[in-house]
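Secondary and tertiary structure notes
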Amino acid sequence: MPAHPDTDARVVLDAGDIQRALTRISHEILERNKGADDLVLLGIPSRGVPLAHRIAERIASVEGYAVPVGSLDVTMYRDDLRLKPARALLPTEIPPGGVDGKVVVLVDDVLFSGRTIRAALDALNDIGRPQAVRLAVLVDRGHRELPIRADFVGKNLPTSLVERVKVTLDGIDDLDAVTIQGVPA
Amino acid sequence: MKRHLLSAGDLSRDDAELILTTAAELRELADRPIKKLPALRGRTVVNLFFEDSTRTRISFEAAAKRLSADVINFAAKGSSLSKGESLKDTALTLEAMGADAVVVRHGASGAPHRLANSGWVRSSVVNAGDGTHEHPTQALLDAFTMTRHLSGGKPTLEGRRIAIVGDVLHSRVARSNALLLHTLGAEVTLVAPPTLLPVGVDSWPVETSYDLDAVIPKADAVMMLRVQRERMHGGFFPTAREYSRRYGLDGRRMATLQDHTIVMHPGPMVRGMEITADVADSERSVIVEQVTNGVAVRMAVLYLLLGGSEPAVGGEE
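Residues numbered from 1 in each chain as written. Chains lettered and ligands numbered in written order. Predicted model: local features only at pLDDT ≥ 70, side-chain atom pairs only at ≥ 80, totals over all residues.

A word on the interface of chain B and chain A
- Each partner contributes to the interface: chain B provides 19 residues, whereas chain A provides 15 residues.
- The set of elements that each furnish at least two residues to the side of chain B that touches chain A consists of helix 1 (13-27) and helix 11 (287-306) of chain B.
- The class makeup of the residues in the side of chain B that touches chain A is nine nonpolar, five polar and five charged. (Contact = placed C-beta atoms within 7 Å. Helix = DSSP H or I, 4+ residues; strand = E, 2+ residues; numbered from the N terminus. Nonpolar A, V, L, I, M, F, W, Y, C, P; charged D, E, K, R; others polar.)

Listed below in structure tokens is the structure:
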């Protein structure tokens, strides 16, 4: 995967924008939850996981203590599992305290059809019974196919269906950026 | 198309690494309250066992059920197989029942290959042990157990020294392990009396030795094999006592191992023959863990063969 945005790609969020968006999301989570009690952040691999960790760092700097962070792989719960060759599984790490009775915030990079989140809700159902489940995404690009919405959104990004939204994050990729790209003719 | 798992030798390094990393994720499932994943809902897995087996069949059954597949157990005893039905007619019956995968154990080497390549069935065939030929999922679970202890869970055994000791001649486990461990980068040494090494072993990607005491101090893992007396028709060694003294693993020999070296056995073991009770029950022994890992590895194999629109691993044909 090329580390840098393709030439015809337009940068919608740069590194500074992403940091500010995550800071705002962190504060919104704390405001909504009235503090960090009982919070568990679960990133959806691959790029939801570093985002969850960054939100957790900001929450820790505000509240003064760390909230549990983990990851939740949804591969086996996808509704298109049978349509493609069997895919490699990604890590699921549930924090030692589990999710029962907790407020779980699912974190993903892009919210699109909503099918990944549906799969995540099913996956979560097999792990425990949270008190509430919320959704934080860096980008909401619209075009929902299921009745699912995000509670915390970094940026609402109106797109056409043929466009591609790409999130790169330091740690997985080389730099922080959200780019949008029309499909080449 | 890759549809079957017939031989450990069919697996490329990428295939083997994919199975091991998938198994590592699935291994975590054993610690969760709900030990179930939906990946194979509505798929049917048939366990077709022409030879007696308890642990392998149960392991495959648990693996398939944890992936939500429907499981049909078909054992030779008490079925039409004991009334003289041929492999072909059994296969046609399974095909008519709509099996998506057939897990087969057979006393004849090559039976799973025949089942897979005859055109009798469209399902995936997984070899669960054929005669003295191969047992690829056992090799995968052995390799998985080794990577957890020797490589920090990374799916490689590069440069690790593995000793496989005992009745190599009658062991399908030894052949599958030799092929797979070599693929994963390990250096394998087979240790056995000359009478218990198969003809043509020089074409395997392994070293051989007749001297256990010279090999095991350098090994990172020592795998003891059962002496398969039920397959022996003739004198392969003078007495059990002599075999045990020269090729058995006892406390004295265990003391010469490196600190990190693990002791393995594919089971069922004969205490006092190839392994003494104090070794089998020691801290180094990972024999019980091998059984736990077996379920995770078989889940990985079934998921990768059946989970998607087409299999992600396995042999051509």
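Back to the text.
Some points on the sheet that holds strand 9 (residues 262-264) of chain B
Residues and elements named next belong to chain B.
- A sheet is described by the order of its strands in space; here five strands give the open sequence 7-6-5-8-9, paired in parallel fashion. Each edge of the sheet is formed by a strand with only one pairing partner; in this case those strands are strand 7 (207-209) and strand 9. Neighbour-to-neighbour, the strand axes of this sheet turn through a mean angle of 20°, independent of strand direction.
- As paired strands, strand 6 (residues 187-191) and strand 7 are joined by three bridges and run parallel to one another. Its bridge partner being in strand 7, V191 is matched across the sheet by S209. (Pairing = 2+ DSSP bridges. Axes fitted to C-alpha atoms, helices over the stretch in contact; angles between N-to-C directions.)

A look at helix 1 of chain B
Residue and element names in this part refer to chain B.
- Between its first and last C-alpha, helix 1 extends 21 Å over 15 residues, near the 21 Å set by a 1.5 Å rise per residue.
- Among the residues of helix 1, A16, L18, I19, L20, T21, T22, A23, A24, E25 and L26 are the ones counted as buried.
- Buried residues along helix 1 sit against helix 5 (136-150), helix 6 (172-183) and helix 11. (Expected span 1.5 Å × (residues − 1). Buried ≥ 20, exposed ≤ 12 C-beta atoms within 10 Å, placed from the backbone.)

With respect to the nonpolar core
- In terms of nonpolar packing, the biggest core is built from 149 residues, with L41 of chain A together with I19, V102, I164, V222 and L302 of chain B touching the most fellow members.
- Sorting elements by how many residues they give to this core places helix 11 of chain B first, with 12 residues.
- Of the domains in this structure, domain 1 (8-134 + 291-306) and domain 2 (136-286) of chain B are the two that each give at least three residues to this core.
- Not counting residues within four places of it along the chain, the set of residues in contact with V222 of chain B comprises A163, V165, I216, L249, L257, T261, V263 and M264 of chain B. (Core = buried A, V, L, I, M, F, W, Y, C linked by C-beta atoms within 7 Å. Domains from an automatic or database assignment.)

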